[in-house]
Amino acid sequence: ELMNVGVNYLREHVTEKVRIHYVITRGGELPNVVPELAESWYFVRALDSEELEQVAARVRKIAEGAALMTETRLEVTLNGACSSVLNNHYLADLHFQAMEQLGPIAFSEEELAFARAVNEQFPPEAIRPFEGLRVPPEMRERVAAAERQPLVAENFPAWDEDRVETGSTDVGDVSWITPLSMLSTTCFPTGAPGHSWANTAAAGTSIGHKGMIHASRIMTLVGIDLYSDPVHLECARREFAERTAGKPYRSPLPDGLVAPRYPEHAG
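Chain-level pLDDT for the protein chain is 86 on average; 82% of the residues reach the 70-or-more range. Summarising per-element confidence for the protein chain, the mean pLDDT is lowest in helix H5 (residues 137–144) (63) and highest in helix H1 (residues 2–10) (97). Contacts for the low-pLDDT stretch residues 146–154, under 50 throughout, to residues beyond four places or in other chains number 13 contacts.

Our focus in this paragraph is the nonpolar core. Membership of the largest hydrophobic core is limited to eleven residues, which are Met-3, Val-7, Leu-10, Val-18, Ile-20, Tyr-42, Ala-46, Val-55, Val-59, Ala-63 and Ala-66. Where this core is concerned, the elements lending two or more residues are H1, strand E1 (18–26), strand E2 (39–46) and helix H2 (49–70). Per-element accounting of this core gives the leading share, four residues, to H2. Setting aside anything within four residues of it in sequence, one finds Val-18 in contact with Arg-45, Ala-46, Glu-51 and Val-55. Counting eight residues, the second largest nonpolar core, distinct from the first, contains Leu-91, Ile-218, Leu-221 and Val-222.

Glancing now at the pattern of salt bridges. A full pass over the atoms with the stated rule returns six salt bridges. In this structure, Glu-53 engages Arg-250 in a salt bridge whose closest nitrogen and oxygen atoms are separated by 2.8 Å. Taken as a pair, Glu-53 in helix H2 and Arg-250 in the segment after helix H9 (230–244) lie far apart in primary sequence, 197 residues in all. For Glu-53, a relative accessible area of 42% corresponds to the partly exposed category. The residue Arg-60 makes a salt bridge to Glu-64 at a minimum N-O spacing of 3.7 Å.

With respect to the helices, strands and loops of the structure, Lys-17 is situated in the loop between H1 and E1. For Lys-17, a relative accessible area of 40% corresponds to the partly exposed category.

Conventions adopted
- Residues numbered from 1 in each chain as written.
- Predicted model: local features only at pLDDT ≥ 70, side-chain atom pairs only at ≥ 80, totals over all residues.
- Heavy atoms only, no water.
- pLDDT = per-residue confidence, 0-100.
- Helix = DSSP H or I, 4+ residues; strand = E, 2+ residues; numbered from the N terminus.
- Contact = heavy atoms within 4.5 Å.
- Core = buried A, V, L, I, M, F, W, Y, C linked by side-chain atoms within 4.5 Å.
- Buried < 20%, exposed > 50% of the residue type's maximum accessible area, 1.4 Å probe, protein only.
- Salt bridge = Lys/Arg side-chain N within 4 Å of Asp/Glu carboxyl O.

Structure follows, in structure tokens:
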């Protein structure tokens, strides 16, 4: 608990691009007995690898301080680490062109009714389809109605180019080794929070299946472009070389790392 309090005070001294999460995985067996072992599991995330290393080092110092305060022994286990995602803009443009070619996903009235029923389980302020997007107010109605009147590229600029997603994925390590781009399709309603029953409920229906199949079609069209015209590969590679110049890939895992020891109840 002392460590967790210290880390919570650290939050005032990190940038807005840093995320720190923790859960107490072992906290004792009886209220009147000092536990033989206490354990917290931390996730530390940051966009920049150097900043991540600095914050992780400060979290460890806080843990060391808590151990000194309680005259206990500290043991640190690294369960994993991954790099930030380096998106390739050229490949992203190919994805968008494929999206234009296919057009939007067509949802049935039954699917739309299901989505509305899911959204009704959450407060109105939770339904934010434009969160993180710099969509001009005059364009929001057109974007919302894109299913009836598809937008074209010149009317749909990159309104989320500077947005930083705070999830973690080992795909990021791949992106520093070879050009990579990711895309998103609609698989759940606008009001469904991440990691919630609403996401699961929608993704397991035809809504999620349509989004998955739509994504596979987009990727197929891009794959055809890359195989049929080597110029696309050359352009993607050129951008990758320019953006990684002087910044070769370095694994965030330390040398000599052994298999992680997860908490018994974590599976």
